[in-house]
Amino acid sequence: LRQEHLKKVESEIQFKSLVHVEHKQTLKENEDARRRMSIADRAKLRKNNLEGKERMRMMAIQEEQAIFEERHESSVAMKTAKSDNAEKRRMSYAFRNGDARRIRQ
């Protein structure tokens, strides 16, 4: 009877030990899978962040380019207007000189 009881207890210990080992293994596999997913998610976030920064940098470059083009066009327009005004003044002075000459004669 005692031998049978010891055998039963030994069998139960072995079973519980096996269940415990399997449970630990399952927990470890789940934790590893969670860790791999977490690493993949963080890598995805880093990639997304880098793409966003690059997109923002490209937008800033495009805005700067547009500002430079606008400044250049404004500068060209100012130079053109200045030269046109100077030409008009010359023509006006020449016309007035002609009038004054005619009046004096």
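Since the structure is predicted, the reported quantities are computational estimates derived from the model, not experimental observations.

What counts, and at which threshold
- Residues numbered from 1 in each chain as written.
- Predicted model: local features only at pLDDT ≥ 70, side-chain atom pairs only at ≥ 80, totals over all residues.
- Heavy atoms only, no water.
- Helix = DSSP H or I, 4+ residues; strand = E, 2+ residues; numbered from the N terminus.
- Rg over C-alpha atoms; globule rule 2.2 N^0.38 Å.
- Areas by Shrake-Rupley, 256 points an atom, 1.4 Å probe, with all protein chains shown as cover.
- Lys, Arg positive; Asp, Glu negative; His and termini not counted.
- Charge placed at Lys NZ, Arg CZ, Asp CG, Glu CD.
- Salt bridge = Lys/Arg side-chain N within 4 Å of Asp/Glu carboxyl O.
- Buried < 20%, exposed > 50% of the residue type's maximum accessible area, 1.4 Å probe, protein only.

(A) Spatial organisation of the overall build of the protein chain. Each helix and strand in the protein chain was counted, giving one helix and zero strands. Against the compact-globule benchmark of 13 Å for 105 residues, the protein chain has a radius of gyration of 45 Å, which places it well outside the compact range. Taking the principal axes of its C-alpha atoms as reference, the protein chain extends roughly 155 × 10 × 5 Å. As presented, the protein chain carries roughly 10500 Å² of accessible surface, and 58% of it is formed by carbon and sulfur atoms. Positive and negative side-chain charges of the protein chain, numbering 26 and 18 respectively, have mean locations separated by a distance of 8 Å.

(B) The pattern of salt bridges, seen in detail. Throughout the structure, instances matching the rule amount to seven salt bridges. One salt bridge in this structure joins Arg-35 and Asp-32, with 3.0 Å as the shortest N-O distance. Taken together, the residues span about one helical turn, with Arg-35 and Asp-32 both in helix H1 (residues 2-104) at a distance of three residues. In this structure Arg-35 comes out as partly exposed when scored by relative accessible area, which is 41%. Connected through shared salt-bridge partners, Lys-28, Glu-31, Asp-32, Arg-34 and Arg-35 make up one network.

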